[in-house]
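Remarks on the overall topology
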Amino acid sequence: MKVDLTVNGSQHTVDVADNALLSDVLRETLGLTGTHVGCDTSQCGACTVHLDGRSVKACTVLAGQADGGDVTTIEGIANGDDLHPMQVAFRANHALQCGFCTPGMIMSAIDLVQTADSPLSAEEVREGLEGNFCRCTGYHNIVKAVLDAQANM
């Protein structure tokens, strides 16, 4: 089947199998390897991207479901050399170690902050990111980064 996607502002038409996952199309077909696949079961959140402005786990979205959609990956959130405020906050607050979860964590955190009705508390950040696993940091600095970034978003 043919699938039309806008990915990070660029239009793509790709031929995919009926059971092709969005994560595989992004990584294998389009070469956007910032979308990490850690579990293939929607447990870890490393594959989180934005589809039509909302965070989704790309390993559980069929490419056909995204047909006509607007996808943003970690590669698409910076403005040239100017990092997104969430990326700046993650770096400034040392909110990463090995970096495997970082792209998905950042994408989820952006959606969390953008959809919040009011400034988030640390507890709300922890609850909001519960579908993203980090095996290195213990989340303390991740929460600090999200709280820091929300002031600049």
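Here is what the cut-offs are and how they apply
Residue positions are given per chain, counted from 1 along the sequence in the order it is written. In view of the model being predicted, local features appear only for residues whose pLDDT reaches at least 70, and side-chain atom pairs are presented and counted only at 80 or more, with totals across whole chains, interfaces and linings using the full set of residues. Only hydrogens and water are set aside when side-chain values are computed; all heavy atoms of the structure are taken into account. Note that domain bounds follow an automatic or database assignment of domains. Here a residue-residue contact requires only that any non-hydrogen atoms of the pair lie within 4.5 Å. Buried area is understood as the total, over both parts, of accessible area removed when two parts are fitted together, assessed with a 1.4 Å probe. Under this scheme, a helix contributes an axis fitted over its contacting stretch, all axes are lines through C-alpha atoms, and angles between N-to-C directions fall in the 0 to 180 degree range. Put simply, DSSP H or I for four residues or longer makes a helix, DSSP E for two residues or longer makes a strand, and each gets a number counted from the N terminus. Each angle gets one of four labels, with under 35 degrees taken as roughly parallel, over 145 as roughly antiparallel, 65 to 115 as roughly perpendicular, and the rest as oblique. Whether a crossing is left-handed or right-handed is set by the direction in which the near helix is turned from the far one by less than a right angle, anticlockwise for left-handed and clockwise for right-handed. In the scheme used here, Gly and all other residues not listed as nonpolar or charged are polar, with Ala, Val, Leu, Ile, Met, Phe, Trp, Tyr, Cys and Pro taken as nonpolar and Asp, Glu, Lys and Arg as charged. For every residue, the accessible area (1.4 Å probe, protein chains only) is compared with the maximum for its type, and the residue is labelled buried under 20%, exposed over 50%, or partly exposed between those bounds. Note on pairing: DSSP must find at least two bridges between two strands before they are called paired. The residues that make up patches have over 30% relative accessible area and no salt bridge, and they are joined within 9 Å when like-charged or within 5 Å when they are Val, Leu, Ile, Met, Phe, Trp or Tyr. To measure how exposed things are, a 1.4 Å probe is used in the Shrake-Rupley method; for residues, cover is taken only from the protein chains shown. Each reported salt bridge corresponds to a side-chain nitrogen of Lys or Arg within 4 Å of a carboxyl oxygen of Asp or Glu. Positive: Lys, Arg. Negative: Asp, Glu. His and the chain ends are not part of the count. For charged residues, the charge sits on one atom: NZ in Lys, CZ in Arg, CG in Asp, CD in Glu. Here a polar contact is taken to be a pair of N or O atoms separated by no more than 3.5 Å, where protein atoms must pair a possible hydrogen donor with a possible acceptor and residues adjacent in sequence count only if both atoms sit in side chains.

**Section: the domain arrangement of the protein chain**
For the protein chain, the domain assignment lists domain 1 (2-75) and domain 2 (85-150). Centre-to-centre, using C-alpha coordinates, domain 1 lies 21 Å away from domain 2. On the side of domain 2, 14 residues touch domain 1, which itself brings 18 residues to the contact. Together domain 1 and domain 2 conceal approximately 1300 Å² of surface at their shared face, both sides included; 57% is due to carbon and sulfur atoms.

**A look at the packing of helix α2 (residues 85-92) against helix α3 (residues 102-115)**
Across the interface, α2 lies against α3 with an axial gap of 10 Å and an inter-helix angle of 125°. The orientation of α2 with respect to α3, classified from their angle, is oblique. Considering only the axes of α2 and α3, their crossing is right-handed. Mapping the contact onto sequence places Met-86, Gln-87 and Phe-90 in α2 and Thr-102, Met-105, Ile-106, Ala-109, Ile-110 and Val-113 in α3. Among the residues forming the contact of α2 with α3, the class breakdown is seven nonpolar, two polar and no charged.

**What about the environment of Leu-96?**
Examined against the element boundaries, Leu-96 turns out to sit in the loop between α2 and α3. With a relative accessible area of 38%, Leu-96 lands in the partly exposed category. Through-space distance from the C-alpha of Leu-96 to that of Glu-130 is 16 Å; in sequence the pair is 34 residues apart. Among all residues touching Leu-96, those that are not within four sequence positions of it are Phe-90, Thr-102 and Thr-137.

**Description of the pairing of strand β2 (residues 10-15)**
Note that strand β1 (residues 2-7) and β2 share six bridges and pair antiparallel. Paired with Leu-5 across the bridge in β2 is His-12. The hairpin turn running from β1 into β2, its antiparallel successor, is two residues long, and Asn-8 in that turn takes a positive phi close to 50°.

**Re unusual backbone geometry**
Positive phi values are uncommon outside glycine, yet Ser-42 reaches one of about 70°. Within the secondary structure layout, Ser-42 lies in the loop between α1 (22-29) and β3 (48-51). Located in the positive-phi region is Asp-52, a residue other than glycine, with phi close to 55°. Structurally, Asp-52 can be placed in the loop between β3 and β4 (54-57).

**Some words on a negative patch on the surface**
A contiguous patch of negative charge on the surface is contributed by Glu-123, Glu-124, Glu-127 and Glu-130. When you line up the elements, Glu-124 lands in helix α4 (residues 122-128). Given a relative accessible area of 38%, Glu-124 falls into the partly exposed group.

**Let's talk about the side chain of His-50**
On the secondary structure map, His-50 appears in strand β3. His-50 sits in the buried class, given a relative accessible area of 6%. A polar contact is formed between the side chain of His-50 and the backbone oxygen of Met-107, at a distance of 2.7 Å. Once residues within four sequence positions are removed from consideration, His-50 is found in contact with Ser-55, Asp-70, Val-71, Thr-72, Met-107, Ile-110 and Asp-111.

**Digging into the sheet that holds β4**
Whether parallel or antiparallel, the strands of a sheet pair through hydrogen bonds between backbone atoms. Spatial ordering of the open sheet is given by β2-β1-β5-β3-β4, a layout of five strands whose pairing is mixed. Each of the sheet's edge strands pairs with one partner strand only, and the pair in question is β2 and β4. Recorded for the sheet is a direction-independent mean angle of 40° between the axes of neighbouring strands. Of the strand pairs in this sheet, β3 and β4 are connected by four bridges, and their pairing is antiparallel. Among the inter-strand pairings, Thr-48 is bridged to a residue of β4, identified as Lys-57. Its contacts with the sheet place α3 against β3, β4 and β5 (70-72), and it is angled at close to 45° to β3.

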